[in-house]
Amino acid sequence: VLKKKILISNLFSVFLIFSFPSIAEEANQNLPSIQKVGEAKFQFGEILLDQHKRIVEFNATSNQKNGLIEYALVHENGKTHESLFRTKVRPQILHASLLLLKQPVESRFFENLWSEEPRKLDFGKSKIRTEVQWDQNGTLHTSSLEELSLNTKDKSSLREGAFIFTGSKKIEGTYLAELSGSMIAVYADEEAVINSSDHDSNNDDVWIANEKQMPELETPVRIRFLLPKAN
């Protein structure tokens, strides 16, 4: 059993080195170990992974109830004044968790978004369904991050299934989301781990918090990602 654990640990270190070259020398010190906590369930730092159901979940806090937003989620040291929720989870751990569950990274998104003639592309393989759960006076409320973001043009929510795994931009091996704290962007951000593929994701002044649907400020919530079935 001990040899098996050591082998798994070594394989994971190799995975991290290839995935995150900027932290290769300090991978063991900077990233938490993965602990098995149930049948096909693993704890990776603050994140719980369900390998069979392909669910990623972690805690966050309600951060903004009204006004303009650019993010659905940021790290607690990130741009909290522009985000619906904040979390203690590191962006790099979130990225690694999605890779561990073999969620494909969508590499075409930004080039197409900023193109003079953007095409209609299928991002289905990288799509992430979202759930936010919180307790309010003994009642469990469940919503999606899409429902909690409103477009001021037509008062519509983000399109269901709008969020896709793009991964953060790197410069000279530095994973930029670790510096900015950007995790789930409503307004397109190349530093965010996850981005919205909705039609107005390139517009920074139309998205607001859905005040009627948002939990009260400072409410603890559980955010869950429901990933498509792996190929």
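For the structure itself, consult the block above.
Report on the accompanying structure. (Residues numbered from 1 in each chain as written. Predicted model: local features only at pLDDT ≥ 70, side-chain atom pairs only at ≥ 80, totals over all residues. Heavy atoms only, no water.)

### Focus: the sheet that holds strand β10 (residues 156–157)
Here comes step 1: Taken together, three strands build an open sheet; the order of strands is β10-β9-β16 and the sheet is antiparallel. Since the sheet does not close on itself, it has two edges, and those belong to β10 and β16 (207–209), each with one partner.
Here comes step 2: With two bridges joining them, strand β9 (residues 149–151) and β10 adopt antiparallel strand pairing. Each bridged residue has a counterpart across the sheet, and for Leu 150 the counterpart in β10 is Ser 157. (Pairing = 2+ DSSP bridges. Helix = DSSP H or I, 4+ residues; strand = E, 2+ residues; numbered from the N terminus.)

### Regarding the packing of aromatic side chains
Here comes step 1: In this structure the tally under the stated criterion is three aromatic pairs.
Here comes step 2: On the basis of an interplanar angle of 80° and a centroid distance of 5.7 Å, the ring pair of Phe 58 and Phe 225 is categorised as edge-to-face. Here Phe 58, found in strand β4 (residues 55–62), pairs with Phe 225, found in strand β17 (residues 220–226); they are 167 residues apart in sequence, far enough to count as distant. Comparing Phe 58 with Phe 225 shows no difference in burial state: the two are buried. (Phe/Tyr/Trp six-rings, centres within 6.5 Å; stacked < 30°, edge-to-face > 60°. Buried < 20%, exposed > 50% of the residue type's maximum accessible area, 1.4 Å probe, protein only.)

### Section: the side chain of Ser 180
Here comes step 1: In this structure, Ser 180 sits in helix α5 (residues 177–180).
Here comes step 2: With relative accessibility at 13%, the residue Ser 180 sits in the buried group.
Here comes step 3: Among the polar contacts listed, one links the side chain of Ser 180 to the side chain of Ser 182, at a separation of 3.1 Å.
Here comes step 4: One polar contact links Ser 180 to Glu 191, side chain to side chain, over a distance of 3.1 Å. (Polar contact = N/O pair within 3.5 Å; in protein donor to acceptor, adjacent residues only side chain to side chain.)

### Some thoughts on the layout of surface pockets
Here comes step 1: There is about 430 Å³ of room inside the second largest pocket.
Here comes step 2: In terms of lining, the second largest pocket is formed by 19 residues, of which the most central are Arg 119, Leu 121, Phe 123, Arg 159 and Ser 197.
Here comes step 3: No other element matches the three residues that helix α4 (residues 109–113) contributes to the lining of the second largest pocket.
Here comes step 4: Here the residues of the lining of the second largest pocket are counted per class, giving six nonpolar, seven polar and six charged. (1 Å grid on protein atoms, 1.4 Å probe; cavity = no way out; pocket = protein on both sides within 12 Å on 5 of 7 lines; lining within 4 Å. Points joined across faces, edges and corners; volume = space filled by probe spheres on them. Nonpolar A, V, L, I, M, F, W, Y, C, P; charged D, E, K, R; others polar.)

### Details of the pairing of strand β2 (residues 41–44)
Here comes step 1: The pairing of strand β1 (residues 34–38) with β2 spans four bridges and is antiparallel. Bridge pairing in β2 links Gly 38 to Lys 41.
Here comes step 2: What sits between the antiparallel neighbours β1 and β2 is a turn of two residues, in which Ala 40 has the positive phi angle 60°.
Here comes step 3: In this structure, β2 lies alongside strand β3 (residues 47–50), joined through four bridges in antiparallel fashion. Bridged to Lys 41 within β3 is Asp 50.
Here comes step 4: In textbook terms, the turn of a hairpin is the stretch between consecutive antiparallel strands, and for β2 and β3 this stretch comprises two residues, one of which, Gly 45, has a positive phi near 65°.

By themselves, these are just geometric observations and shouldn't be taken as functional.
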